[in-house]
Amino acid sequence: MERNMDKYQCRCQYVYDPAKGDPTQGIPPGTPFADVPETWVCPLCGLAKSYFLRMVGTPTSEQGRPFIKVKVKCFTTMVKADVCDYRGSTEHQVVEGATVHDLVEKLSLPIEALKIIFVNGLEKDLDTILQDGDQVALSPVTGAM
Ligand code: FE
């Protein structure tokens, strides 16, 4: 029987390669993605298997998918010099279809500190897909904006 040895990619750009498996979670080399248990998670970001997409060619970031622009504000411990602060929005590019999670990773912000996410003034979560022109605010403090 033909085994599907396609690579699958997480939203964080991690690529599952069946030829390598994932020894960190006991997945031996040669395991097709379909045979990876549903309990398996991305070894880089912890997203569930269901978030993975079959990879076509090179990783999506290099695939020529259109970029969108979002504006980002960061508060207190989320502030990162030259990346985002509380004074004004800093514009950043992400690929179309990127989530708040992708943005936080791309900017290397401390995701473990992140408590509240606002997109265009409405409270959202890490899985929210960003749209061109969105205003994103990231805060480590609940209810203090
Ligand atoms: Fe991931």
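Above this note sits the structure.
Each value, and the rule that gives it
- Residues numbered from 1 in each chain as written.
- Predicted model: local features only at pLDDT ≥ 70, side-chain atom pairs only at ≥ 80, totals over all residues.
- Heavy atoms only, no water.
- Helix = DSSP H or I, 4+ residues; strand = E, 2+ residues; numbered from the N terminus.
- Contact = heavy atoms within 4.5 Å.
- Areas by Shrake-Rupley, 256 points an atom, 1.4 Å probe, with all protein chains shown as cover.
- Donors = N, O, S within 2.8 Å, 3.2 Å for Na, K, Ca; no water.
- Buried < 20%, exposed > 50% of the residue type's maximum accessible area, 1.4 Å probe, protein only.
- Pairing = 2+ DSSP bridges.
- Axes fitted to C-alpha atoms, helices over the stretch in contact; angles between N-to-C directions.
- Salt bridge = Lys/Arg side-chain N within 4 Å of Asp/Glu carboxyl O.

**Considering the overall build of the protein chain**
- Within the protein chain, the regular secondary structure consists of one helix and eight strands.
- Sequence-ordered secondary structure for the protein chain, helices as α and strands as β, is β-β-β-β-β-α-β-β-β.
- Summarising the internal contacts of the protein chain: among those between residues at least 6 apart in sequence, 56% fall at separations of at least 24.
- Split by element, the accessible area of the protein chain, about 8,300 Å² in all, is 54% carbon and sulfur.

**Focus: the coordination of the iron ion**
- At this site the iron ion is bound by Cys10 (SG), Cys12 (SG), Cys42 (SG) and Cys45 (SG), with donor distances of 2.2 to 2.3 Å.
- Between the donor residues of the iron ion, the gaps in sequence give the motif C-x1-C-x29-C-x2-C. Here the two residues cysteine 10 and cysteine 12 agree in accessibility, since each one is buried.

**As for the sheet that holds strand S6 (residues 116–119)**
- A sheet is described by the order of its strands in space; here five strands give the open sequence S5-S4-S8-S6-S7, paired in mixed fashion. In the strand order of this sheet, the two ends are held by strand S5 (90–95) and strand S7 (122–124), each with one partner. Across the sheet, the axes of successive neighbouring strands diverge by a mean angle of 35°, strand direction being ignored.
- Relative to S7, S6 is paired through three bridges, and the arrangement is antiparallel. What sits directly across from phenylalanine 118, in S7, is glutamate 123.

**Re the pattern of salt bridges**
- All chains considered together, the criterion is met by three salt bridges.
- Between aspartate 6 and arginine 54 there is a salt bridge, and its shortest N-O distance comes to 3.4 Å. Of the two residues, aspartate 6 sits in the segment before strand S1 (8–9) while arginine 54 sits in strand S3 (residues 53–54), which places them 48 residues apart along the sequence.
- The class for arginine 54 is partly exposed, based on a relative accessible area of 47%.
- For lysine 49, the salt bridge goes to glutamate 38, with nearest N and O atoms at 3.5 Å. One end of the pair, lysine 49, is in the loop between strand S2 (15–16) and S3; the other, glutamate 38, is in the loop between S2 and S3, and 11 residues separate them in sequence.

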